[in-house]
Structure formats: structure tokens, C-alpha cells
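Descriptive analysis of the structure
Listed here are the chains, written in short residue letters.
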Amino acid sequence: MAAPRPRLAPARDSLAPSAAAVKASASPTAAEAPANAVPVAPRTSCFPAMVSPRLTRSSCTPEMEEGRHLFDVNRYGLLKDLGVRQFVNSGTFDVGGYGWSIRFYPAGSEAASAGQHHVSVYLELMTPNAEVRALFDLKLMDQSSGRWHSLFGDGGDRLMRHARFSTFPTNKLPPHHPPRCWGVPSWKASSLETSVYIHNGSLTIRCDLSVIKPPQTSETKQLPRIEAPPPGPGMSKDFSKLLEDKDGKAVTVHVGGEAFHAHWAVLAARSPVLRKKLLDTATTDETTPPSPVQITLDEDMEPAVFKAMLHFMYTDELPPDAQGHHDDDTAELARRLFVAAEGCGIERLKRLCESLLYSNLSKRTLMATMEFAERHRCDRLRAACVQFHAARHPPGPVVCDFFKRGPMSASAGDSESCNCKRLKTTQEGPGDSKAC
């Protein structure tokens, strides 16, 4: 007779919840459940919808209104001795809703040093009590070629100047600038009189003007968005199809005379025990999936149980025939699947099997479930069985006597050791096999 296997207790922090946690996990309460079974709410998932952030947009666009005015100064020879600070104005022209005028000083807007004769040209805002920003340029026409040259530069075309015009009394202007005016305070008259700008005693001044209006902000617009669908059962279905597909499966698992084909990566990712077994069998290193390999599991593992466990490893769900059924076959499958999951180190499957056993609790199955919970150190299931019995009966000898014994000794579990062998026994020495 084989020597009794030593008992390996699972980690207490994963299997022994507090009393409050046990009460919270029992839903509905045992007192409200039918006598023959305890319904358990189906497993659901709650994922927040992945919604793209709400995106709105608006814009601010300064608008400009452009205009151009030509001011012909005839008989210039009669105006050049008009005197300092004396000027002539062009007619008022409208640009951007404001009145404007070109102011020309034939003898300059300020006195010059002896022997220095100059002219001044300005753009004047005529609208009273107004303030406006504008881009402008003042130019003279070359009478021989028809080209225009800016008075701000050396005769070549340059960018327009920016200025803030105001007709309020508090407006501050640079020195030598008349009120409400911006322009060229000094331009050599000798350059004007002996140049190509005067023809038959006449010259032409051009003003290019762009009035900057207050910026207009558009209405806020809702831009379209695409909401990502919440996570659904798509991955589970895809892996279920992967399980059914025969292509790409590099592992053959022999269980009880039957062969199951699976993917190396799935087995290694879901079960640390199977991963070690695969790596021990394979000839390659851990960094690359091995060539097709074959492994054989314990004789105690039944094909139907391994098939159910393989379904879970691919889909993270119990097989359809084990969900929502309350019968002896389902309870038996849950017990055997729990042992297999414990042997393969699949903790979540163990918890699902505990839940399935609890959902199948009845007066007829209570003692068998209590014995299973005690044997496998399922403290959560054990506490649930006590509550189930206490909700229906006053304290009696059946439950009290069973749990007064406390945790089962190693000898008490020897009769069941053959049913809970770990799958790792093939990797351990003959004397190192462990019970559940």
C-alpha cells in the first residue's frame, strides 16, 4: 500500500476570508433560498465604456478691410513755400467704417536746421472719438516708370506699418507727429524736387490702408466623435474558436487514453504547472516556443475533467454544460475540476468550482460538500455550508459534530488522497508527491 501523501495547505490569504467577507459573498442569503438549492447570481462583467473625450472647437479671426487712396498734389512749386507746420489735406475717404485723410506738409511739420528743407506726409484719422488699429503705407509714384516707392524706406517696397490711431485727447503720439496722425515726419525735399516723382509740377501720393476690425469669435461647435465599444465577449468567442481550430496547435496532451491538442502559449500562460512541464519536455530555451511536444498527465485525471479545464484556459469560463445546472453530475464535475485546477495551479478556476458547489447545495448534498470543503481546506465553502445548515435547522449534532473535529488530520485524508493527486507528481521524485 502506498505511503500516505503529505497534505499541502493552500495559501491562507487566498482561501480564508473574514467572516464579513463570507457573509457578503453569500447572495441571496441561505434563509431566503429554496430548500433544495441555493441560487447564485450569474457571473456578469462591468466595464466602463471607452468614450472618446468630448471635443468642441471655436475660432477667433481678426477681420480687415482694405482700401487705397490717390492724392494728386498739383502745382507743387506754389506750395513748397507755404511755411512750416502748414499742410494740405486730401479729401476724406472711408475704409473700415472710419474716415481718413492724407495730410501733406510741403515745408515740413516741424522746423528743420538751417539749409535743411524737408517735407512731411501723414495719414490722419478723421472720425471723432474713435480708436482703431491699422496697417498702412505711404508711397510716391515714379512719374517716368509708374512704379511706387514707399516713403518709409529708401525707395523700395517695404512691408506696411502698424499703428494705433485715436482721436481721443489722451492719445499719445511720437514726437513731431500732429494729433490723430501717423506717417513720415521728415523726407528730404531736395530728393523730391530733383527726382522723377514730380512731372509738370505735380506729384501723386498713394496711401495703402488695411483697417483691423475687432476680432469675431465663432460659435462653439460640437465636433463628431467615435465612441469605442465597451469590452465584450469577443475575446472569449475568439479563443473558443481557437480551441476548436486544429491549426497551429503544437502540444498534444494525453489524458486517460485520449489526446487533446492545444497551443503551447495558452497552456504556459494559464497554468504554471503545465508551463514547467512543457519547458522540461521541450528542447528549446524559454525565450522561444518549442517544437511540437507531447505530455502525459496523471492517470487520475479524467478526459472529461481535462476537457472542461482546457475550455476554461481558453475562454476563462466554465463549460456551458456546467453553468446554471443543479444536479449531482454538475456537483461531481465541480469537485473533480477543483482538484484538477489545484493540481495545475489555476486559482480562478478553483474559485469558480467553489461557487458552483455552493450553488448546488441542498439538504441531500450538504454533508458531501462539507466533507469536500474540509478535505481541501476550502474555508469559504466550509463557512457557507455552516450558514446554509444554520439557516434551516437549529444547531444539531450533524454539523456540530463534524466541525468540532477541526481541520482534518493527515491520516483522515488518506482515504481521499488518490482523488486529489497533483499533476506535478510526474515532475517530482517518487517520494515527493503532494496531496491537495
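Here's what I pulled together on the structure shown here. (Residues numbered from 1 in each chain as written. Predicted model: local features only at pLDDT ≥ 70, side-chain atom pairs only at ≥ 80, totals over all residues. Heavy atoms only, no water.)

Digging into helix α11 (residues 379-392)
- In a regular helix each residue adds 1.5 Å, so 14 residues correspond to 20 Å; α11 covers 20 Å between its end C-alpha atoms and thus fits that length.
- Those residues of α11 that fall on the buried side of the exposure criterion are Asp 379, Leu 381, Ala 384, Cys 385, Phe 388 and His 389. (Helix = DSSP H or I, 4+ residues; strand = E, 2+ residues; numbered from the N terminus. Expected span 1.5 Å × (residues − 1). Buried < 20%, exposed > 50% of the residue type's maximum accessible area, 1.4 Å probe, protein only.)

Let's talk about the packing of helix α7 (residues 303-315) against helix α8 (residues 328-344)
- The geometry of α7 relative to α8 is characterised by a closest axis approach of 9 Å and an angle of 65 degrees between their N-to-C directions. Comparing their axes, α8 and α7 come out roughly perpendicular. Read as a crossing pair, α7 and α8 show a hand that is right-handed. Along its contact with α7, which presents Val 305, Ala 308 and Met 309, the element α8 presents Leu 333, Arg 336, Leu 337, Ala 340, Ala 341 and Cys 344.
- For the contact of α7 with α8, the per-class residue count stands at eight nonpolar, no polar and one charged. (Axes fitted to C-alpha atoms, helices over the stretch in contact; angles between N-to-C directions. Parallel < 35°, antiparallel > 145°, perpendicular 65-115°, else oblique. Left-handed = near helix turned anticlockwise from the far one by under 90°. Contact = heavy atoms within 4.5 Å. Nonpolar A, V, L, I, M, F, W, Y, C, P; charged D, E, K, R; others polar.)

Notes on the sheet that holds strand β17 (residues 293-296)
- Sheet architecture is open: three strands sit in the order β16-β15-β17, paired in mixed fashion. Looking at strand neighbours, the two that pair on one side only are β16 (258-262) and β17, the edges of this open sheet. Recorded for the sheet is a direction-independent mean angle of 25 degrees between the axes of neighbouring strands.
- Across five bridges, the pairing between strand β15 (residues 251-255) and β16 is antiparallel. Opposite His 254, over in β16, you have Ala 259 as the bridge partner.
- In the packing of helix α6 (residues 272-281) onto the sheet, the strands contacted are β15 and β17, and the crossing angle to β17 comes to about 125 degrees.
- Set on the sheet, α7 makes contact with β15 and β16; between it and β16 the angle comes to about 5 degrees. (Pairing = 2+ DSSP bridges.)

Details of the pattern of salt bridges
- In total, this model carries 19 salt bridges according to the counting rule given.
- With its nearest N and O atoms 3.7 Å apart, the salt bridge here joins Asp 208 to Lys 139. Here Asp 208, found in strand β12 (residues 203-212), pairs with Lys 139, found in strand β8 (residues 131-141); they are 69 residues apart in sequence, far enough to count as distant. Exposure class is identical for Asp 208 and Lys 139. Each is buried.
- Between Lys 276 and Asp 280 there is a salt bridge whose closest N-O contact spans 3.2 Å. Here Asp 280 and Lys 276 lie together in helix α6, a separation of four residues that amounts to about one turn.
- You can call Lys 276 partly exposed: its relative accessible area is 45%.
- Via salt bridges that share partners, Glu 342, Glu 347, Lys 350, Arg 351 and Glu 354 belong to a single interconnected network. (Salt bridge = Lys/Arg side-chain N within 4 Å of Asp/Glu carboxyl O.)

Observations regarding the side chain of Ser 150
- Its location among the elements puts Ser 150 in strand β9 (residues 148-150).
- Side chain to side chain, Ser 150 and Asp 137 meet in a polar contact 2.9 Å long.
- Here the side chain of Ser 150 touches Phe 152 through a polar contact of 3.2 Å, landing on its backbone nitrogen. (Polar contact = N/O pair within 3.5 Å; in protein donor to acceptor, adjacent residues only side chain to side chain.)

Description of the nonpolar core
- Leu 267, Phe 306, Met 309, Leu 310 and Leu 349 are the most contacted members of the largest nonpolar core, which has 53 residues in total.
- In terms of residues, this core owes the most to one element, α8, which gives nine residues.
- Not counting chain neighbours up to four residues away, the residues in contact with Leu 267 comprise Val 251, Val 253, Ala 262, Leu 274, Leu 278, Leu 310 and Met 313.
- Core analysis: the second largest hydrophobic core is formed by 31 residues, Trp 100, Phe 104, Trp 187 and Tyr 197 among them. (Core = buried A, V, L, I, M, F, W, Y, C linked by side-chain atoms within 4.5 Å.)

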